[in-house]
Amino acid sequence: MQIIPSFFKTRKPKQFNYSPRFYDEQAELRRERNRMIAREMGIVEDEPDHPDAVKARLRMHWQNNFVSKRSRLQVQHRNANLRLLAVLILVLWVFYRFFF
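Residues numbered from 1 in each chain as written. Predicted model: local features only at pLDDT ≥ 70, side-chain atom pairs only at ≥ 80, totals over all residues. Heavy atoms only, no water.

1. A short note on the overall build of the protein chain
The number of helices and strands found in the protein chain is 2 helices and 0 strands. Across the 100 residues of the protein chain, 5% fall into the buried class. Total accessible area on the protein chain is roughly 10,900 Å²; 62% of this is exposed by carbon and sulfur atoms. (Helix = DSSP H or I, 4+ residues; strand = E, 2+ residues; numbered from the N terminus. Buried < 20%, exposed > 50% of the residue type's maximum accessible area, 1.4 Å probe, protein only. Areas by Shrake-Rupley, 256 points an atom, 1.4 Å probe, with all protein chains shown as cover.)

Quick look at the structure:
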């Protein structure tokens, strides 16, 4: 209920949708036991949440980004150096023609 009329519309507060996670301790313990047994038996785990898999994905992603950025920067530096050289040659040629 608004007592004082307003010329401007006031925004309603944003709604926060909170959905609590369910944590099953028994299932977590079961998964951990299965992982330990698989490690002992030498079975390779291809779980996306496995810490080694996460580390490998992060390392691969970082290396790919680093290599692509580095090569892109090298090309940009090479182009800038060539452009600078061309401008320098043009300026020297103009001075030579103007004074001699």
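Past the structure itself, the notes keep going.
2. Some points on a nonpolar patch on the surface
Side chains of Val87, Val91, Phe95, Tyr96, Phe98, Phe99 and Phe100 sit close together on the surface and give an oily, nonpolar patch of about 870 Å² of accessible area. Here Phe99 falls in the exposed class, since its relative accessible area comes to 57%. (Patch = residues over 30% accessible without salt bridge, like charges linked within 9 Å, V, L, I, M, F, W, Y side chains within 5 Å. Salt bridge = Lys/Arg side-chain N within 4 Å of Asp/Glu carboxyl O.)

3. Remarks on the pattern of salt bridges
Per the stated rule, a full pass over the model turns up 1 salt bridge. For Glu28, the salt bridge is made with Arg31, and the minimal N-O distance between the two is 3.0 Å. Note that Glu28 and Arg31 are positioned in helix H1 (residues 25-41) at a spacing of 3 residues, about one turn of the helix. When its relative accessible area of 29% is taken as the criterion, Glu28 is described as partly exposed. Assessed through its relative accessible area of 42%, Arg31 is described here as partly exposed.

4. A few points about the packing of aromatic side chains
This model, assessed by the stated rule, comprises 3 aromatic pairs. Ring geometry for Phe95 versus Phe99: centroids 6.0 Å apart, planes at 10 degrees, classification stacked. Pair noted here: Phe95 and Phe99 are both in helix H2 (residues 51-99), with a separation of 4 residues, about one helical turn. Ring geometry for Phe98 and Phe99: centres 5.1 Å apart, planes at 80 degrees, overall edge-to-face. (Phe/Tyr/Trp six-rings, centres within 6.5 Å; stacked < 30°, edge-to-face > 60°.)

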